[in-house]
Amino acid sequence: QVHLKESGGGLVQAGDSLRLSCVATGATLDIYTMAWFRQAPGKEREFVASFTWTDEREEYLPSVKARFTISGDSAKNTIFLQMDSLKPEDTAVYYCATKSSNKALYLFWGQGTQVTVSS
């Protein structure tokens, strides 16, 4: 079992920045990839970015790749999502999730942190 706790969300204006954090506890040795997803009101949850511990590989949703940066601190079992040049369409609940291998599903999820970007 992996437990995830997100933090760092808030209300900002368009063009501002936020840095989200996600701390993993529990069976952290089983974690292969940690990722961020988001869900806006009335929309389906979508993948935002992922970080794979073995090779520090980063993957991004194309629409955020130039503005968001994912990183990880293995000593603290924590990933971060630096979000710059935020847009109103980035408004969503941001969730952290983990999977145990490249082909596995994301099995463990956090409770989410709200990001609201005003225009």
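What you see is a predicted model; the values in this text were computed from it and never measured.

Visitor: Before we go on, may I ask you to explain the pairing of strand β9 (residues 92-99) in this structure?
Guide: When you tally the buried positions in β9, you get seven out of eight residues, the bulk of the element. Taken together, the seven bridges between strand β4 (residues 33-39) and β9 define a ladder with antiparallel strand orientation. Paired with threonine 33 across the two strands is lysine 99, which belongs to β9. Sheet analysis places β9 next to strand β11 (residues 113-118), joined by three bridges and oriented antiparallel. Looking across to β11, one finds that alanine 92 is bridged to valine 115. Sheet topology note: the β9/strand β10 (residues 108-109) ladder contains two bridges and is antiparallel. Bridging across to β10, threonine 98 finds its partner in phenylalanine 108.

Visitor: Help me understand the pattern of salt bridges in this model?
Guide: One side chain can pair with another of opposite charge once the charged atoms of both are near each other. Within this structure, the stated rule accounts for five salt bridges. Between aspartate 90 and arginine 38 there is a salt bridge; the shortest N-O distance is 3.0 Å. Of the two residues, aspartate 90 sits in the loop between β8 (78-83) and β9 while arginine 38 sits in strand β4, which places them 52 residues apart along the sequence. Residues aspartate 90 and arginine 67 are paired through a salt bridge, measuring 2.7 Å at the closest nitrogen-oxygen approach.

Visitor: Can you help me understand the state of the cysteines in this one?
Guide: Simply put, disulfide is the name for a covalent bond between the sulfur atoms of two cysteines. Applying the stated criterion across every chain, the model contains one disulfide. Between the sulfur of cysteine 22 and that of cysteine 96 lies a disulfide, 2.1 Å long from S to S. Residues cysteine 22 and cysteine 96 are joined by a disulfide whose S-S torsion is about -85°; by sign, that bridge is left-handed. On the criterion of sequence distance, the pair formed by cysteine 22 in strand β3 (residues 18-26) and cysteine 96 in strand β9 is long-range, its members being 74 residues apart. Residue cysteine 22 is classed as buried on the basis of its relative accessible area of 0%. Looking at cysteine 96, the relative accessible area reads 0%, which means it is buried.

Visitor: Even after reading the chapter, I still don't get the sheet that holds β3, so can you show me in this structure?
Guide: Strand pairing in a sheet relies on backbone hydrogen bonds. The paired strands run either parallel or antiparallel. The sheet built from four strands is open, its strands ordered β1-β3-β8-β7 with antiparallel pairing. The sheet is open, and its two edges are formed by β1 (2-7) and β7 (68-73), each paired on a single side. With direction set aside, neighbouring strand axes in the sheet form an average angle of 15°. With six bridges connecting them, β7 and β8 associate as antiparallel partners. The residue of β8 that forms the bridge with aspartate 73 is threonine 78.

Cut-offs and rules
- Residues numbered from 1 in each chain as written.
- Predicted model: local features only at pLDDT ≥ 70, side-chain atom pairs only at ≥ 80, totals over all residues.
- Heavy atoms only, no water.
- Buried < 20%, exposed > 50% of the residue type's maximum accessible area, 1.4 Å probe, protein only.
- Helix = DSSP H or I, 4+ residues; strand = E, 2+ residues; numbered from the N terminus.
- Pairing = 2+ DSSP bridges.
- Salt bridge = Lys/Arg side-chain N within 4 Å of Asp/Glu carboxyl O.
- Disulfide = S-S within 2.5 Å.
- Axes fitted to C-alpha atoms, helices over the stretch in contact; angles between N-to-C directions.

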